[in-house]
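# Understanding the architecture of this molecule
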Amino acid sequence: MKIGLFIPCYVDALYPEVGVATWKLLRSLGLDVDYPEKQTCCGQPMGNAGFERMAVPLAKKYDELFAHFDYVVAPSVSCAAYVRCFHPHLMKEEKCEAAGKTMDLVEFLHDVMQVKSLPAKFPHKVSVHNSCHGVRELNLSAPSERNIPRFNKIIDLLNLVDGIEIMEPERPDECCGFGGMFAVEEQAVSARMGLEKLKRHMATGAEYITGPDSSCLMHMKGVAQKQGLDIQFIHVAQILSAGL
């Protein structure tokens, strides 16, 4: 199985340690992992801002780089969801092979690899953040508005980590207020949503907030720093790869 590692631009620029953790984790499972060095942004910022035509060349570039892999794995639910849900629309009648092979890291580990054990150790109390794209586009957990049995693939994987104590906040799939361009265009609303979400996470008594998307964690971390709140943030890939 040949895996293409897609590291979104904001992860590459701001959280390279998340990309490294993802690579180590995939390699530890015996997978053949390649990182195409000419990869660029997936086009999500342009698409979300209403400039879809500017995202088309990026979607085409993505497909050229990743079409030959068995799976494309990314440590970002928002970027993985954008590629899978919107690249076929952007490319219209053109062949679009990579989008259907693209998965978030948690989704890939849980559904494809069906990981049942990990050597990771993380003796800390963590509160799990369910990013909106992960819940409603990638099916990582059960949306609270649907009358279906509860499940959470993030928690399933974290339960494999030795020493960890896993918590969930009240209203577990409520948005943190980031939403990309929303945080820029509606700053006051976004910041208030972030603060309310932070309070619910911190009410669990957790030391860390974790999740599969660095953008949500980045937003909440910014709010926490401005408010002087004592809570740490860590991507789920860093926990799952701890000790490798």
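As the structure is a computational prediction, the values presented were derived from the model and not from experiment.

## Observations concerning the sheet that holds strand β1 (residues 2–5)
Read from one edge of the open sheet, 4 strands run β2-β1-β3-β4, paired in parallel fashion. Because the sheet does not close on itself, it has two edges, and the strands there are β2 (32–34) and β4 (102–104). Taken over all neighbouring pairs, the strand axes of this sheet differ in orientation by 35° on average, direction set aside. Sheet topology places β1 next to β2; 3 bridges connect them, and they run parallel. Bridge pairing in β2 links Ile-3 to Val-33. Relative to β4, helix α6 (residues 105–112) is tilted by about 95°, and along the sheet it contacts β1, β3 (71–74) and β4.

## Here's the deal with helix α2 (residues 16–28)
Its 13 residues place the ends of α2 18 Å apart at the C-alpha level, agreeing with the 18 Å of an ideal helix rising 1.5 Å per residue. Among the residues of α2, those classed as buried are Val-18, Gly-19, Ala-21, Thr-22, Leu-25 and Leu-26. Burial along α2 is one-sided: seen end-on, the buried residues are contained in an arc of 160°. Looking one or two residues past α2, Gly-30 carries a phi angle of roughly 80°, positive in sign.

Conventions used here
- Residues numbered from 1 in each chain as written.
- Predicted model: local features only at pLDDT ≥ 70, side-chain atom pairs only at ≥ 80, totals over all residues.
- Heavy atoms only, no water.
- Pairing = 2+ DSSP bridges.
- Helix = DSSP H or I, 4+ residues; strand = E, 2+ residues; numbered from the N terminus.
- Axes fitted to C-alpha atoms, helices over the stretch in contact; angles between N-to-C directions.
- Contact = heavy atoms within 4.5 Å.
- Expected span 1.5 Å × (residues − 1).
- Buried < 20%, exposed > 50% of the residue type's maximum accessible area, 1.4 Å probe, protein only.
- Arc of directions from axis to C-beta.

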